[in-house]
Each structure stands twice: as C-alpha cells, then as structure tokens.
Amino acid sequence: MDNNLQETFNFPQIDRVIKREGNNSESLIQILHGTQEILGYLPKEVQLYIAEKLQIPPTRVYGIVSFYNFFTMEKDAEHVVSVCMGTACYVKGSGDLMKKLESELGVKPNRITEDKKFSYREVRCLGACGMAPVISIDGEVYGRVTPDMIPEIISKYK
Ligand code: FES
C-alpha cells in the first residue's frame, strides 16, 4: 500500500476499527460507521481497502455507502454542521431541525453545499443530551434549538 495513502487515510486506525467490530462482512456497516467517525468521509481508496481486508467485492462496499444517506464519500467543507439524531434529541424534535437545515442549506444530510462552505451531517449522540435538541457547528454546540433559530445560527458562518 502506498505510504502517502496510508498517511492520508490513517489505515492503522481503520485496522483497529475492523479488529474491534470483527473482521467479517457481517460487520461491514459498523466498520463503515467507525471509519467515517475517524475520517469524516469514506473515499474510494478507503472503500477498496476495507473490501480487501474483509475479502469482499468492492462493489458491495460501494453499494452500502451509496445506499445509506448517513454515509458520505465527500471530504468536509469549510464548516461542518452536525444535527444530533440520538434518542434524547430525536424525541425533542431534531427531525424538524433537519428539515429546516435542509431547506436553509439546500442539501440533504451528509452532503456538501454547492458553494463548498458547509458539510451537513446527521450524527449520533453529541454528549449534550441535557440541552436537547442539539446541533453543533465546527464543534461549537447549540442547545435547545428550534427551527426558527436555524437561519440566524447559520448566518454567523456565511
Ligand atoms: S442524544 Fe443528542 S446530545 Fe445526546
């Protein structure tokens, strides 16, 4: 494996995810989740690496990554907007925040806006359940967010 690729995509960390989740095709979705948590996205080179490690066809990995909208093949944009869809946030209305963000940013979750300014992500618990529903932008957490607060929050990063 090319050294530059190894440095760019941190394959030793991916190996640890594979070891943790189980080196077999049944663990593929969990492995992809764990890998995306490290890299922020799942580029073609990483998909090929995982396919090789699990000894499955690359098309199977690609099929999963492209089917589920929580996986992305694109690298982060300038700002990363994350909406928590963990249980506490979900019951307090994070679904409505997602709809509002979708219209405000003009993209579906786990995609990048056309001007390349924002990556928009759906994530699991952000560890701030007491402030649910929660969004974070570049790691800064906003709690008890309502849909009508979204335009003002986003405008700070435009
Ligand atoms: S469930 Fe959203 S911060 Fe925990």
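Residues numbered from 1 in each chain as written. Predicted model: local features only at pLDDT ≥ 70, side-chain atom pairs only at ≥ 80, totals over all residues.

Draft legend 1. Molecular detail of the sheet that holds strand β5 (residues 140-142). The strand order across the open sheet built from 5 strands is β2-β3-β1-β4-β5, with neighbouring strands paired in mixed fashion. On the outer flanks of this sheet lie β2 (111-112) and β5, each paired with one strand and no other. Sitting on the sheet, helix α7 (residues 94-105) touches β1 (79-84), β3 (118-123) and β4 (135-137), and the angle it makes with β1 is about 155°. (Pairing = 2+ DSSP bridges. Helix = DSSP H or I, 4+ residues; strand = E, 2+ residues; numbered from the N terminus. Contact = placed C-beta atoms within 7 Å. Axes fitted to C-alpha atoms, helices over the stretch in contact; angles between N-to-C directions.)

Draft legend 2. How the structure looks around the nonpolar core. Counting 17 residues, the largest nonpolar core has Val83, Cys84, Leu97, Leu101, Val134 and Ile135 as its most contacted members. Taken together, the elements giving at least two residues each to this core come down to β1, α7 and β3. One finds Val46, Tyr49, Ile50 and Val65 within the second-largest nonpolar core, a separate group that totals 11 residues. (Core = buried A, V, L, I, M, F, W, Y, C linked by C-beta atoms within 7 Å. Buried ≥ 20, exposed ≤ 12 C-beta atoms within 10 Å, placed from the backbone.)

Draft legend 3. View of the confidence of the model for the chain. With 96% of its residues at a pLDDT of 70 or more, the chain has an overall mean of 91. Put simply, helix α1 (residues 3-9) is where the chain has its lowest mean pLDDT, 70, and helix α6 (residues 87-91) is where it has its highest, 97. (pLDDT = per-residue confidence, 0-100.)

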